[in-house]
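Topology and contacts: notes
Each chain, letter by letter, is given below.
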Amino acid sequence: MPGRETIVLTRDSGFSAPGVHVVHGWAEAVARGEELARRMGTDSVAVVGGAEIYKLALPEVGKIYLTEVAAA
């Protein structure tokens, strides 16, 4: 996404994607997010993921933006 940095947390040691920061552990993801936020002059980081990522992130977040989708 334009103007944003993306960090992908994956178990796949061979994963790579153009323009993406790849990490393999939660602590590494948090450290990279903090580093990128400082570099970009912000104090917030958005976490997007599936259930496992949210389970790791929830104990550390200060704010949640919840989107509900009305669909069958």
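The model shown is predicted, which means the values in this text are computed figures rather than measured ones.

**Regarding the environment of Ala51**
As for its position among the elements, Ala51 is in helix α2 (residues 51-57). Relative accessible area serves as the criterion here: at 65%, Ala51 is assigned to the exposed category.

**Regarding helix α1 (residues 26-40)**
The α-helix advances 3.6 residues per turn, and as a result positions three or four apart in sequence lie on the same side. With 15 residues, α1 extends 21 Å from end C-alpha to end C-alpha; this agrees with the ideal 21 Å at 1.5 Å per step. Inspection of α1 places Ala29, Gly33, Leu36 and Ala37 among the buried residues, and these make up the whole buried set. The buried side chains of α1 occupy one side of the element, clustering within an arc of 100° when seen end-on. Along α1, the residues that are exposed and aim more than 90 degrees away from the buried face are Ala27, Arg38 and Arg39.

**Here's the deal with the side chain of Thr10**
By the secondary structure assignment, Thr10 is in the loop between β1 (6-9) and β2 (20-23). Note on Thr10: relative accessible area 16%, which makes it buried. Those residues in contact with Thr10 that lie beyond four places of it in its chain are Phe15, Val22, Val23 and His24.

**Remarks on the environment of Ile64**
Structurally, the position occupied by Ile64 is in the segment after α2. In this structure, the C-alpha to C-alpha distance between Ile64 and Val22, residues 42 residues apart in sequence, is 24 Å.

**Some words on the pattern of salt bridges**
Counted by the stated rule, this structure contains two salt bridges. Glu52 is the partner of Arg11 in a salt bridge, and the nearest nitrogen-oxygen pair spans 2.5 Å. Of the two residues, Arg11 is situated in the loop between β1 and β2 and Glu52 in helix α2; the sequence distance between them amounts to 41 residues. Among the residues examined, Arg11 registers a relative accessible area of 72% and is labelled exposed. The exposure class assigned to Glu52 is exposed, which follows from its relative accessible area of 53%. One salt bridge in this structure joins Arg39 and Glu35, with 2.5 Å as the shortest N-O distance.

The rules behind each value
Residues numbered from 1 in each chain as written. Predicted model: local features only at pLDDT ≥ 70, side-chain atom pairs only at ≥ 80, totals over all residues. Heavy atoms only, no water. Helix = DSSP H or I, 4+ residues; strand = E, 2+ residues; numbered from the N terminus. Buried < 20%, exposed > 50% of the residue type's maximum accessible area, 1.4 Å probe, protein only. Expected span 1.5 Å × (residues − 1). Arc of directions from axis to C-beta. Contact = heavy atoms within 4.5 Å. Salt bridge = Lys/Arg side-chain N within 4 Å of Asp/Glu carboxyl O.

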